[in-house]
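What follows is the residue order along each chain.
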Amino acid sequence: MSQKILLTSKEVDIILHRLACQLIEKHLDFSNTILIGIQPRGTYLAQRLQLLLEKEYCIKDIALGYLDITFFRDDFRRTDKPIEANRTQIDFVVEDKKVIFIDDVLYTGRSIRSALTAIQSFGRPSEIELLVLIDRRFSRHLPIQPDYRGRQVDAINDEKVKVCWKEQDGEDAVYLVPTKNNQQPTT
């Protein structure tokens with residue numbers, strides 16, 4: 001499989017620090033702000049940002065939760081595979097809080113639309129923002145744009161952006177990978 005590296009470990013680290021600083025500029029002490037990692041892959045980014053904000057920028061008690069959107073997706077019944085949900089973990093009040101949705105890749109916008117619906121089960125936030133590591137431009141099905149983005153990528157539809165996290169994949173990196181339909185036959 002021929003994959004192209006989009007971000008190295010060092011570049012991911014630089015982007016995480018930049019995103020953390022942008023969040024501080026907008027939210028200051030985070031007393032009325034909560035971070036919500038979109039399950040499954042947004043949780044790694046959310047955890048990293050919380051850790052950075054607390055350890056390197058000395059912001060204490062940042063609320064962090066994880067939101068599963070599996071059954072809120074408009075395409076969840078369009079597969080023959082059994083559906084496997086992740087765990088939602090929101091142990092705080094969402095009502096009147098500033099919520100920052102965090103996900104690794106913004107592609108069609110359908111996951112974020114699902115998250116907007118799912119979060120209503122926990123209350124009505126005063127504001128919702130979106131932070132993504134990778135923004136795949138020109139791929140949107142819905143009018144959803146990030147408030148904070150690590151990097152914009154122009155990928156054609158038969159390419160996939162693969163985000164690797166040290167905790168899950170053994171490395172921090174972002175790759176552009178051809179989909180199975182686009183791979184060259186091996187001889």
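Structure: see above.
Here we summarise the structure given alongside this text. (Residues numbered from 1 in each chain as written. Predicted model: local features only at pLDDT ≥ 70, side-chain atom pairs only at ≥ 80, totals over all residues. Heavy atoms only, no water.)

Moving on: the sheet that holds strand β8 (residues 173-178). With antiparallel pairing, three strands are arranged side by side in an open sheet as β1-β8-β7. The open sheet is flanked by β1 (4-7) and β7 (159-164), the only strands paired with a single partner. Going from strand to strand, the sheet's axes swing by 30 degrees on average, the running direction of each strand aside. One ladder, built from six bridges, connects β7 with β8; its direction is antiparallel. Across the sheet, residue C164 finds its bridge partner in β8, namely A173. Contacts between helix α1 (residues 9-27) and the sheet are confined to β1 and β8, with β1 contributing the most and set at about 25 degrees to the helix. (Pairing = 2+ DSSP bridges. Helix = DSSP H or I, 4+ residues; strand = E, 2+ residues; numbered from the N terminus. Axes fitted to C-alpha atoms, helices over the stretch in contact; angles between N-to-C directions. Contact = heavy atoms within 4.5 Å.)

Of all hydrophobic cores here, the largest spans 34 residues; its most connected members are L49, L131, I134 and V174. Residues within four places of V174 in sequence aside, it is in contact with K4, I5, L6, L7, V12, L133, I134, V161, K162 and V163. Grouped together as the second largest cluster of nonpolar side chains are 17 residues, L67, V94, F101 and I112 included. (Core = buried A, V, L, I, M, F, W, Y, C linked by side-chain atoms within 4.5 Å. Buried < 20%, exposed > 50% of the residue type's maximum accessible area, 1.4 Å probe, protein only.)

What follows is about helix α2 (residues 42-55). Given a rise of 1.5 Å per residue, 14 residues ought to cover 20 Å, and the 20 Å separating the end C-alpha atoms of α2 matches this to within 8%. Of all 14 residues making up α2, ten are buried, and the element is well covered by its neighbours. Close packing links the buried residues of α2 with α1, β2 (33-38), β3 (63-67), β4 (98-106), β5 (127-136) and α4 (166-169). (Expected span 1.5 Å × (residues − 1).)

If you trace the five strands from one edge of the open sheet to the other, you get β3-β2-β4-β5-β6, paired in parallel fashion. The open sheet is flanked by β3 and β6 (148-153), the only strands paired with a single partner. Averaged over neighbouring strand pairs, the angle between their axes works out to 25 degrees when direction is ignored. In the packing of helix α3 (residues 110-119) onto the sheet, the strands contacted are β2, β3, β4 and β5, and the crossing angle to β4 comes to about 150 degrees.

Now for the environment of S139. On the secondary structure map, S139 appears in the loop between β5 and β6. Overall, S139 belongs to the buried group, its relative accessible area being 5%. On a C-alpha basis, the gap between S139 and L106 in space is 8.9 Å, while along the polypeptide they are 33 residues apart.

Here the focus is the layout of surface pockets. Its volume calculated, the second largest pocket comes out at about 160 Å³. Listed by contribution, the elements that provide at least two residues to the lining of the second largest pocket are α1 and α2. When residues of the lining of the second largest pocket are assigned to their parent elements, the largest contribution, five residues, is made by α1. (1 Å grid on protein atoms, 1.4 Å probe; cavity = no way out; pocket = protein on both sides within 12 Å on 5 of 7 lines; lining within 4 Å. Points joined across faces, edges and corners; volume = space filled by probe spheres on them.)

With respect to the helices, strands and loops of the structure, D135 is situated in strand β5. For D135, a relative accessible area of 0% corresponds to the buried category. At a separation of 2.9 Å, a polar atom in the side chain of D135 contacts the side chain of R149. (Polar contact = N/O pair within 3.5 Å; in protein donor to acceptor, adjacent residues only side chain to side chain.)

For the rest of this paragraph, the subject is unusual backbone geometry. Each neighbour pair has its own omega, and for Q39 with P40 the value is 0 degrees, a cis peptide bond. Residue position: P40 is located in the loop between β2 and α2. For C58, which is not glycine, the phi dihedral falls at a positive 55 degrees. Summarising the element assignment, C58 is placed in the loop between α2 and β3. Accessibility expressed as a relative area gives 58% for C58, which makes it exposed. The phi torsion at D61 lies on the positive side, around 55 degrees, for a residue other than glycine. With respect to the secondary-structure elements, D61 resides in the loop between α2 and β3.

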